[in-house]
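# Examination of the molecular architecture
Each chain, written out:
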Amino acid sequence: MDGFTALYVFMLAAFTGYEVISRVPVILHTPLMSGSNFVHGVVLVGAMIALGHADPNDPLQLTIGFFAVLLGAANAAGGYIVTERMLGMFKAGDKKKEGGAQ
Amino acid sequence: MTANWLVSMAYFVVAVVFILGLKAMSSPVTARRGIMWAGFAMIAATVVTFFIPGLHNIGLMVLAIVLGGGVAWWSGKIVKMTDMPQMVAVYNGMGGGAAAGIAAIELVRGVEHSAMVSTLMVLGAIIGSVAFSGSCVAFAKLQGLMNKAIRLPQQNTINFFLTLLTFGLGLTIGYADEPSLFGIALFFLLALALGTVLVLPIGGADMPVVISLLNAFTGLAVGFKGFVLGIPALIVAGIVVGASGMLLTQLMAKAMNRPIRNIIFTPLTGAAAEGGEGPQGTMREVSATDAAALMRFGSKVIIVPGYGMAVAGAQHKVWEMTKLLEDAGVEVKFAIHPVAGRMPGHMNVLLAEAGVPYDKIFDLDEINDEFAQADVALVIGANDVVNPVARTDKTSPIYGMPILNADMARDVIVIKRGRGAGYSGIENALFFKENCSMLYGSAQEAVAEITAQIKAMEG
């Protein structure tokens, strides 16, 4: 990707991020932070590729790569389960409310 | 069609789904759908990566994924709801660490990059390392492993020069043809130290904003790694999170009335609060029986839950008491400060867990005018968010923060573990007011006792 294309991608992605959550209610701040924490867990893919290109005969590269993938996977898995659990609470709340209205 | 083309196509779809998922997560109705979409996209992205031709070390890769993913999944599953904020900090730090690790491999391999890519790589390495060590400190603070805000002499000067030094060294090794291992190691140590000294002086009360900021940092670091590795999906996902994280940080900071600049450069410290004139007077105590009677024979009660209620796990007891009061014809409402608990929205999650219906939960703007008509404001384990000093005392560090007007109620009952100051280290003027009385004890026990007393009154 040449410099200017990269710059445009950067600019458009930044606007998208800003726009996507601009109307979020306060009660979703924490779950949404957790959710976006999960999304940047996609760093896992980058770590996998970095480890995949590492020299199999260099223990230093392998060690760093191993931990990068490990941390990336933890970011993704942990981020998902925590967000899922938080949002699960909201489902429970909705049910109760429907029950109360009867 | 080559394998590479298919992988690129899959990454493209993944990036689109991530954006749609985030969009869905910003509305309560679609939020659960959003995280599930994003989850599927993540699995897809991981699986197709194995099909990229020419990757080595597949066995090691699988091992790391199973190990890291498994442990994180398990810990995320068992963690208590009240400890969620620090878990988010931990997982975020790990993402930052992974981004820094990618940069470390590239540097060690000595891959040649253009000037722009090298710069982005160094930036990503620094931001990722800062997010990693900063998140570790944030975790330690929220977990209660580190209670004091540690402030170095000349903090801002140290921060400035450390930042300069880290960038300087980073660019030197980033542009070098064959950077020395020593230089690389020193660079990462400096970057990690930078993250530590940036977060160390910040008090626990400001931690949510800091975690959100570090979350945005990690997003940016991941985006920059996308440029380095040439994976547009990483760029898009990372930068989208970076930008939305920045906005979210601003929203949180606004809810707490603490400009981000002030949080980073002039952190709240206990010392600053002690230096000023604290509110003087005596605190009155009240028995559980009297507290029960005041509420049971009132017509309107507003409950202000805080972190103290959350750590005591008293939300279920509180809901039980609420139902009893409602059966007796008392109108009960919950008033949630924007930063009640440890993070915006945290308290809502905890109350929802206990089964409190949404229509009883009100935020600051909705309910603040109603305190004047309430017979009792029951403050459970909340402190700074009801401190009237924020309205009146210009010298107070929390001056200007929007607070709940609990002091306007006819009677204020505060359930509190002990006499200490709040999370910010500031004395609470509310506790010394004439219409306020204290009920000391853990939220769990105190509320249980009030509940028993109310039951006894039904006789």
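Before reading further, recall that the structure is shown in the block above.
A brief look at the structure comes next. (Residues numbered from 1 in each chain as written. Chains lettered and ligands numbered in written order. Predicted model: local features only at pLDDT ≥ 70, side-chain atom pairs only at ≥ 80, totals over all residues. Heavy atoms only, no water.)

## Structural notes on the interface of chain A and chain B
Accessible area lost when the parts come together is the quantity often used to give the size of an interface. Selection rule: Any two residues having at least one pair of non-hydrogen atoms within 4.5 Å are treated as being in contact. Two parts placed together each lose some accessible area under a 1.4 Å probe, and adding up what both lose gives the buried area. Just to be clear on terms, a salt bridge is a Lys or Arg side-chain nitrogen sitting within 4 Å of an Asp or Glu carboxyl oxygen.
Facing 80 residues of chain A, the contacting portion of chain B comprises 96 residues. Both sides together, the interface formed by chain A and chain B hides about 8200 Å², and carbon and sulfur atoms give 81% of it. Ranking the residues of chain A by area buried against chain B places M33, M48 and R85 of chain A at the top, with a combined share of 8%. If you look at where chain A meets chain B, you find one salt bridge.

## Concerning the pairing of strand β2 (residues 300-305) of chain B
All names here are of chain B. Here is the rule we go by: When accessible area is computed with a 1.4 Å probe and restricted to protein chains, residues below 20% of their type maximum are described as buried, those above 50% as exposed, and intermediate ones as partly exposed. Numbering goes from the N terminus for both helices and strands, where a helix is a DSSP run of H or I of at least four residues and a strand is a run of E of at least two. Paired strands, in this sense, are two strands between which DSSP finds at least two bridges.
Burial runs high along β2: six of the six residues are buried. In this structure, β2 lies alongside strand β3 (residues 331-336), joined through four bridges in parallel fashion. Among the inter-strand pairings, I303 is bridged to a residue of β3, identified as F334. Bridging between β2 and strand β5 (residues 376-380) involves five bridges; their strand directions are parallel. Among the inter-strand pairings, P305 is bridged to a residue of β5, identified as I380.

## Quick word on helix α15 (residues 346-354) of chain B
For α15 of chain B, a buried count of eight out of nine residues is recorded, marking the element as mostly surrounded by other parts of the structure. Immediately beyond the C-terminal end of α15 of chain B, within one or two residues, lies G355 of chain B, with a positive phi of roughly 95°.

## A look at the sheet that holds strand β1 (residues 284-285) of chain B
Residue and element names in this part refer to chain B. Let me state the cut-off plainly: Interaxial angle, 0 to 180 degrees, is taken between N-to-C directions of lines fitted to C-alpha atoms, where a helix line uses only the stretch in contact.
Read across the open sheet, the seven strands follow the order β1-β7-β6-β5-β2-β3-β4; overall the sheet is parallel. The open sheet terminates on both sides in strands that have one partner only, identified here as β1 and β4 (361-363). Against the sheet, helix α14 (residues 315-327) touches β2, β3 and β5, its axis set at about 145° to β3. Packing of α15 onto the sheet brings it into contact with β2, β3 and β4, and relative to β3 it is tilted by some 145°.

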